[in-house]
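Below, each chain spelled out in residue letters.
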Amino acid sequence: MNRAWYLVLRIFLFSCEKIADNGNKFHHQKLMISFPKEIYDFKRIEIIKFDKSGLDISAGYFFRDKNEGNVSATIYVYPAPKLTSFGSPQNVIDRARKKLTNDHFLLVKKSIEQQYPTYAVVDEKETFENFRGKMRYCKTTKYDDKSRVVAKGQKNQYSMVELCSVDEWLIKFRVTYQSNKMGGKVDSFKKEFFSTNSL
């Protein structure tokens, strides 16, 4: 293994901490986002903290449909790239934050596509999520593993990543599923998450 990659991997492994899941709600300390133990039939299976201060965290969820297969979803909350503003009007700040979000999203996509070179983009769009009284800018990409040979009785592999800008924070959804019929289930999962945290 390349020494530089080894050092990066070692730093990553030692900086992550899996938090004991006692079955209760878990909150992001600054944004006060909660990760309920259940969201729209999805069961929470793990919570991971990526830094000592607890500002960069994720929660993993799982759902299984007996006919359509498994759905794995992870929600990440972490600080957005720093934006410096000296008395700029709000519309200028919004445009700058949108650019930072899009630039970061390209890095997220690059990481996914390097890890899964057989993934093909089947849909990409800008969306907005209603969260705490504001429409939040999001970028979404959906993938299909086009090269996968699906044997009889097996399911194909689909994947989705969505990145949403919430002021100084980013919320990222990373979902994999085995049937296109589960797309509506995934959308309902996201909407319930935002609805739960808008109260």
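For the structure itself, look to the data block above.
Here the structure is a predicted model, which means the values were calculated and not measured. (Residues numbered from 1 in each chain as written. Predicted model: local features only at pLDDT ≥ 70, side-chain atom pairs only at ≥ 80, totals over all residues. Heavy atoms only, no water.)

1. Describing the overall build of the protein chain
Phase 1 of the analysis: Secondary structure assignment for the protein chain yields three helices and eleven strands.
Phase 2 of the analysis: Helices and strands appear in the protein chain in the N-to-C order α-β-β-β-β-β-β-β-α-β-β-β-β-α.
Phase 3 of the analysis: By the burial criterion, 41% of the 199 residues in the protein chain qualify as buried.
Phase 4 of the analysis: A sequence separation of at least 24 residues applies to 52% of the contacts in the protein chain between residues at least 6 apart.
Phase 5 of the analysis: Summing over all exposed atoms, the protein chain offers an accessible surface of approximately 11,900 Å²; the carbon and sulfur share of this is 53%. (Helix = DSSP H or I, 4+ residues; strand = E, 2+ residues; numbered from the N terminus. Buried < 20%, exposed > 50% of the residue type's maximum accessible area, 1.4 Å probe, protein only. Contact = heavy atoms within 4.5 Å. Areas by Shrake-Rupley, 256 points an atom, 1.4 Å probe, with all protein chains shown as cover.)

2. Details of helix α3 (residues 183-196)
Phase 1 of the analysis: Helix length check: α3 (14 residues) gives 20 Å between terminal C-alpha atoms against 20 Å at 1.5 Å per residue, within 8%.
Phase 2 of the analysis: Taken as a whole, α3 has its buried residues at Gly183, Lys185, Val186, Phe189, Lys190, Phe193 and Phe194. (Expected span 1.5 Å × (residues − 1).)

3. Points about the nonpolar core
A general tendency of soluble globular proteins is for nonpolar side chains to be buried together.
Phase 1 of the analysis: Core analysis: the biggest nonpolar cluster contains 29 residues, and Phe35, Ile75, Ile171 and Phe193 have the highest contact counts within it.
Phase 2 of the analysis: When residues of this core are traced back to their parent elements, those giving at least two are β6 (57-65), β7 (69-79), β10 (158-166), β11 (169-177) and α3.
Phase 3 of the analysis: Counting ten residues, the second-largest nonpolar core is a separate cluster that includes Phe105, Ile112, Val161 and Leu170. (Core = buried A, V, L, I, M, F, W, Y, C linked by side-chain atoms within 4.5 Å.)

4. Quick word on the pairing of β11
Phase 1 of the analysis: Counted residue by residue, β11 has eight buried out of nine residues, so it is predominantly covered.
Phase 2 of the analysis: As paired elements, β7 and β11 share nine bridges and run antiparallel to each other. Each residue of the ladder has a partner; that of Ser72, found in β11, is Thr176.
Phase 3 of the analysis: Here β10 pairs with β11 via nine bridges, running antiparallel. By the bridge assignment, Glu162 is partnered in β11 with Phe173.
Phase 4 of the analysis: Linking β10 back to β11 in an antiparallel pair, the connection comprises two residues, with Asp167 at a positive phi of about 55°. (Pairing = 2+ DSSP bridges.)

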